[in-house]
Amino acid sequence: MTTQQVNRALFDDVMVPNYNPQQMVPVRGEGSRVWDQDNNEYIDFAGGIAVNALGHTHPALVAALKEQADKLWHLSNTFTNEPALRLAKKLKDATFADKVFFCNSGAEANEAAFKLVRKYAYDNFGPEKNEIIAFTQAFHGRTLFTVSVGGQQKYREGFEPVPGGISHVPFNDIEALKAAISDKTCAVVMEPIQGEGGIHSADPEFARQVRELCDQHNALLVFDEVQTGVGRTGNLYAYMGLGVTPDVLTTAKALGGGFPVGAMLTTDKCAPSLGFGTHGSTYGGNPLACAVAETVLDTINTPEVLAGVADKRAIFVEELNKLNDKYGIFKEIRGEGLLIGAELIEQWHGKAAKFLAAAREAGTLLLVAGPNVLRMTPSLIIPEQDIRAGMAGLDKAIAQVLEAGPDA
Ligand SMILES: *Cc1c(COP(=O)(O)O)cnc(C)c1O
């Protein structure tokens, strides 16, 4: 098969239709630039959905992967390995956590977290204390347990029956949580910033009160930091900026910088509930993944990279405001650090995908967060000139979409 036959059209022929990828196939990336099969160049504001936090083919990550590739790929958890031990120690030293569990994705990290909170309540309070409270519009992954805790009905529809003992209340509504929480609640689960749900930040006062309510009811607080973690907000983890410490934290996406890895962090109080034999993963803590993640953490958890996030956000917001002065297309610019959401004005609600496609044609790769919000989750070290160049593409795209009109 020549590369010419391996194209976007082949996707529809050979792949389950659960995705609808853009109409080009990227083949190469460097920093915040990506090239497709026809050597067209793009500025990458999508960053693999908050994954490529150090851009593409970062030299330190490539070196870490190659070095480990020559040493040891896999052993399974009947052995431990040096990269996993080093990464766990670094995560422990850098956060509230005492103990770490490794897996391969965000959903798996959340699956481990949700199993842990149930098991912890079972071990310490008995089987009646099993209810999980989460928030509407929350996103926690696509396994059956994680779509059940997630707050978007559309991801559960048709897959019922789903696990029980889970309820949802509106985000940032402390009265609703007060009414729902009880001594049967084993955990409250939240994203510090709802990502897939449209880029909505937790109010710090709300987060503080959630922590208090959890303590009053002996419920654990789980922060899903799969999207907000590893420098995305300018803090290593968003909880550090909120000033509220969870009992369990999940991290994935940027942790591997593009190599699949996830982790659940927790305390010495909770960790014993995942005793020997209670949970596991064949690949979790894989040496290749952990060697790359260790280098990601070493590189991102530095004052230069973390402080740079605020500077880069300022350029993004300045450019988005300029576009808004010109076109009046955004209702609000939201998010923190380099997790940026630009909600379209009402007239353009439901049409975010049109802007995404037009931007790609103009050479800028974006994301959406639901049908109303353009989302940007670029590399944390994207150069200023790439931000400006990507915004020039977005400018062209907006002009083109507005000219065609909402019904085009
Ligand atoms: C992406 C995401 C997940 C799911 O991660 P996967 O690696 O796709 O399983 C879970 N929670 C949040 C907040 C996410 O953004």
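Keep in mind that what you see is a predicted model, and the values were worked out from it rather than measured. (Residues numbered from 1 in each chain as written. Predicted model: local features only at pLDDT ≥ 70, side-chain atom pairs only at ≥ 80, totals over all residues. Heavy atoms only, no water.)

A closer look at the pairing of strand E12 (residues 262-266)
What counts is decided by this rule: Burial classes: relative accessible area under 20% of the type maximum marks a residue as buried, over 50% as exposed, and values in between as partly exposed (1.4 Å probe, protein chains only). Segments assigned H or I by DSSP are reported as helices when at least four residues long, segments assigned E as strands when at least two residues long, and all are numbered from the N terminus. Strand pairing follows a simple DSSP-based rule, namely that at least 2 bridges must link the two strands.
E12 sits mainly inside the fold: five of its five residues count as buried. Covered by surrounding structure in E12 are Gly262, Met264 and Thr266 together with Ala263 and Leu265, the residues of both alternating faces. With four bridges joining them, strand E11 (residues 248-251) and E12 adopt antiparallel strand pairing. Its bridge partner lying in E12, Val248 is registered against Thr266.

So, helix H5 (residues 106-125)
For clarity, the cut-off: Take the residue count of a helix, subtract one, and multiply by 1.5 Å to get its expected span. We call two N or O atoms a polar contact when they sit within 3.5 Å, provided that within protein one can donate a hydrogen and the other can accept it, with sequence-adjacent residues counted only if both atoms are side-chain atoms.
In this model H5 runs 28 Å from its N-terminal to its C-terminal C-alpha over 20 residues, within 8% of the 28 Å that 1.5 Å per residue would give. Buried within H5 we find Gly106, Ala107, Ala109, Asn110, Ala112, Ala113, Phe114, Leu116, Val117, Tyr120 and Ala121. The N-capping residue of H5, defined by a side-chain oxygen 3.2 Å from the backbone nitrogen of Glu108, is Ser105. A positive phi of about 105 degrees marks Gly126, the residue just after H5.

Let's talk about the packing of helix H11 (residues 303-327) against helix H13 (residues 384-404)
Applied cut-off: Helix axes are fitted only over the stretch in contact, all axes being lines through C-alpha atoms; the angle between N-to-C directions runs from 0 to 180 degrees. Note on angle classes: values under 35 degrees are labelled roughly parallel, values over 145 roughly antiparallel, values of 65 to 115 roughly perpendicular, and the remainder oblique. Each crossing gets its hand from how the near helix is turned against the far one by less than a right angle, where anticlockwise is left-handed and clockwise is right-handed. Only heavy atoms enter the contact rule, under which two residues are in contact if any of them lie within 4.5 Å. Only Asp, Glu, Lys and Arg are considered charged, only Ala, Val, Leu, Ile, Met, Phe, Trp, Tyr, Cys and Pro nonpolar, and every remaining residue, Gly among them, polar.
In contact at an axis separation of 10 Å, H11 and H13 are set at 25 degrees when each is read in the N-to-C sense. Taken together, the axis directions place H11 and H13 in an arrangement best described as roughly parallel. In the packing of H11 onto H13, the handedness of the crossing is right-handed. Within the contact between the two elements, H11 uses Lys312, Ile315, Phe316, Glu318, Glu319, Leu320, Lys322, Leu323, Lys326 and Tyr327 and H13 uses Glu384, Ile387, Arg388, Met391, Leu394, Asp395, Ile398, Ala399 and Leu402. Residues that form the contact of H11 with H13 fall into these classes: eleven nonpolar, no polar and eight charged.

Side note on the environment of Glu108
Within the fold, Glu108 resides in helix H5. Take Glu108: its relative accessible area is 29%, and that puts it in the partly exposed class. Sequence separation of Glu108 and Gln194 is 86 residues, and the distance between their C-alpha atoms is 18 Å. Among all residues touching Glu108, those that are not within four sequence positions of it are Cys103 and Ser281.

Focus on the domain arrangement of the chain
What counts here: Domain delimitation follows an automatic or database domain assignment. For any pair of parts, buried area is found by adding up, for both, the accessible area (1.4 Å probe) each one loses once the two are put together. A side-chain nitrogen of Lys or Arg and a carboxyl oxygen of Asp or Glu constitute a salt bridge if their distance falls within 4 Å.
The domain boundaries assigned to the chain delineate domain 1 (8-57 + 303-404) and domain 2 (72-300). Taking only C-alpha atoms into account, the centre of domain 1 sits 27 Å from that of domain 2. Contacts between domain 1 and domain 2 engage 24 residues on the former and 23 residues on the latter. Of the roughly 2000 Å² buried where domain 1 meets domain 2, counting both sides, 61% is carbon and sulfur surface. The interface formed by domain 1 and domain 2 contains one salt bridge. Residue Glu196 is joined to Arg375 by a salt bridge in which the shortest nitrogen-to-oxygen separation is 2.8 Å.

Observations concerning the pattern of salt bridges
Opposite charge on two side chains makes pairing possible when the charged atoms of those side chains draw close. Within this structure, the stated rule accounts for 27 salt bridges. A salt bridge links Asp298 to Lys90, with the nearest nitrogen and oxygen atoms 3.0 Å apart. Placement of the pair is Asp298 in helix H10 (residues 287-300) and Lys90 in helix H4 (residues 82-94), with a sequence separation of 208 residues. Looking at Asp298, the relative accessible area reads 40%, which means it is partly exposed. Look at Lys90 and you get partly exposed, because its relative accessible area is 26%.

Re the site of the ligand
Put simply, the test is: One heavy atom within 4 Å of a molecule or strand is enough for the residue carrying it to be called near that molecule or strand.
Every residue close to the ligand is listed here: Ser105, Gly106, Ala107, Asn110, Phe139, His140, Gly141, Glu191, Asp224, Val226, Gln227 and Lys253. Here an oxygen atom of the ligand sits 2.8 Å away from a polar atom, N or O, in the main chain of Ala107. Within the side chain of Gln227, one N or O atom sits 2.7 Å away from an oxygen atom of the ligand. A total of three residues in the shell around the ligand trace back to one element, the largest contributor, which is H5. Of the residues in the shell around the ligand, the class split is three nonpolar, six polar and three charged.

Some details on the packing of helix H12 (residues 352-361) against H13
Following both chains from N to C, one finds H12 and H13 inclined at 125 degrees, their axes separated by 8 Å at the closest point. Relative to H13, H12 is oriented oblique. Here the hand of the crossing between H12 and H13 comes out right-handed. Together, Lys354, Phe355, Ala358 and Ala359 of H12 and Leu394, Ala397, Ile398, Gln400 and Val401 of H13 make up the contact between the two elements. In the contact of H12 with H13, the residues fall into seven nonpolar, one polar and one charged.

Here's the deal with the packing of aromatic side chains
Centre-to-centre distance and the angle between the planes together describe a pair of aromatic rings. This is how it is decided: Two rings from Phe, Tyr or Trp (for Trp, the six-membered ring) form a pair when their centres sit within 6.5 Å of each other. Planes less than 30 degrees apart are called stacked, planes more than 60 degrees apart edge-to-face, and all others tilted.
In this structure the tally under the stated criterion is nine aromatic pairs. Relative to Tyr239, the ring of Phe96 has its centre 5.5 Å away and its plane inclined at 90 degrees; by these criteria the two rings are edge-to-face. With a gap of 143 residues between them, Phe96 in the loop between H4 and strand E4 (99-103) and Tyr239 in helix H9 (residues 238-242) connect regions that are remote in the sequence. For the pair Phe96 and Tyr239, one class covers both residues: buried. With a centroid separation of 5.6 Å and 70 degrees between ring planes, the pair formed by Phe139 and Tyr155 is classed as edge-to-face. With a gap of 16 residues between them, Phe139 in the loop between strand E5 (131-135) and helix H6 (144-149) and Tyr155 in the loop between H6 and strand E6 (166-169) connect regions that are remote in the sequence. For Phe139, a relative accessible area of 16% puts it in the buried group. Judged by relative accessible area, Tyr155 falls into the buried class, the value being 18%.

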